[in-house]
Amino acid sequence: GEVRVAMRVDLPSTLSAAGLSPADLSPMVNALLRVRSWVAVCIVFSETTAGWDMLSHSVIRALEGAGVSLADSLLVSSSRWRSLICQTSDCCPPEGNARNPGSSTIAAQATYAGLVALPDRASLEAQLLGNPQSQRERLEPQLEAAEHRRVQAALHNRTKRLAQEDVRAIRSAATQWAGQTEPRQLRSNQVARFGVALSEFEVRDALWLAIDDRSVDALALMRQLHTRLPSPYDAAPLFLFGWQQWRAGNGTVAGMAAVRAQSSDPGYTAAGLLLDIIDVGMDPGSTPTLASVSCS
């Protein structure tokens, strides 16, 4: 067998007697159908046991209605796991099986790859927070200078040339720090220059296409920009950071970045596009690149 798609669905704090509605589960079902996956495994992460049997039944109904069978449904807590379907006490005792998360092959491979399991969603989202607002606002003089540079380019009919220069500079910085978890800090004037440049759609779209076709790894650079720039300049780096995360299969972080981009700039439509893509469960591995779609 092969895992064709993995999708996360937020659960309510309490479940009704009917479990989850078909509307709640439709993104998950649609994602399975899109990649023609006819067998699924459902894993519920919770520290309580109440109500999850009903959830399993609602998942089975939603999947079977779409022609997908549920191979197993697991309830996982921090210390134990058990199947909600299997009734064989030898392998699936009612009290569940003890977890030993640090001794599996998967855990070893994840450690080797530098992956760290965080305790909860809040810890994951905290990685996007960055500098406090007061520290971000110290960039205002540099941002004003970068905006003045853009105005002067427009007055002298050099807007296109300036955009090309900024694209080359951003690509060069992204390539220099690709894959680095702790790259050296950009100078404040560089952060301001890149932030103002990416607020121009021509520059943003050039980086977007390069990130999308994987010719540029911009995660490290975009992380530094979105954690240091004030609103609304952090919206574009947040979006581009989220887009690369989505292409890499990390839809959870991608969605968080897109939400933060919209919070910074409510009119930032590209972030809404990314959220729509995540909500419908589009497979980043099989979705054509933007360049191939625009040329078709």
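Residues numbered from 1 in each chain as written. Predicted model: local features only at pLDDT ≥ 70, side-chain atom pairs only at ≥ 80, totals over all residues. Heavy atoms only, no water.

1. Structural notes on the sheet that holds strand β4 (residues 97–98)
Then step 1. What the four strands build is an open sheet, ordered β1-β2-β3-β4; its pairing is mixed. Since the sheet does not close on itself, it has two edges, and those belong to β1 (39–45) and β4, each with one partner. (Pairing = 2+ DSSP bridges. Helix = DSSP H or I, 4+ residues; strand = E, 2+ residues; numbered from the N terminus.)

2. A closer look at the layout of surface pockets
Then step 1. The space that makes up the second largest pocket amounts to roughly 190 Å³.
Then step 2. Lining the second largest pocket we find 13 residues, and of these Ser199, Phe201, Ala235, Asp265 and Tyr268 sit closest to its centre.
Then step 3. Where the lining of the second largest pocket is concerned, the elements lending two or more residues are α9 (201–212), α11 (235–247) and α13 (269–279). (1 Å grid on protein atoms, 1.4 Å probe; cavity = no way out; pocket = protein on both sides within 12 Å on 5 of 7 lines; lining within 4 Å. Points joined across faces, edges and corners; volume = space filled by probe spheres on them.)

3. So, the pattern of salt bridges
Then step 1. Taken as a whole and assessed by the stated rule, the structure comprises eight salt bridges.
Then step 2. In this structure, Asp212 engages Arg247 in a salt bridge whose closest nitrogen and oxygen atoms are separated by 2.7 Å. You can see Asp212 sitting in helix α9 and its partner Arg247 sitting in helix α11, a full 35 residues away along the chain. Here Asp212 matches Arg247 in class, with each residue buried. (Salt bridge = Lys/Arg side-chain N within 4 Å of Asp/Glu carboxyl O. Buried < 20%, exposed > 50% of the residue type's maximum accessible area, 1.4 Å probe, protein only.)

4. Side note on the side chain of Asp166
Then step 1. Turning to its location among the elements, Asp166 is positioned in helix α7 (residues 159–176).
Then step 2. A relative accessible area of 4% places Asp166 in the buried class.
Then step 3. Polar side-chain contacts of Asp166 include one of 2.8 Å to the side chain of Arg193.
Then step 4. Those residues in contact with Asp166, other than ones at most four positions away along the chain, are Arg149, Arg193 and Ala197. (Polar contact = N/O pair within 3.5 Å; in protein donor to acceptor, adjacent residues only side chain to side chain. Contact = heavy atoms within 4.5 Å.)

5. Digging into the packing of aromatic side chains
Then step 1. Considering all chains together, one arrives at five aromatic pairs under this definition.
Then step 2. Their ring planes at 50° and their centres at 5.9 Å tell us that Phe239 and Trp243 sit as a pair that is tilted. Note that Phe239 and Trp243 are positioned in helix α11 at a spacing of four residues, about one turn of the helix. The two residues Phe239 and Trp243 agree in class, both being buried. (Phe/Tyr/Trp six-rings, centres within 6.5 Å; stacked < 30°, edge-to-face > 60°.)

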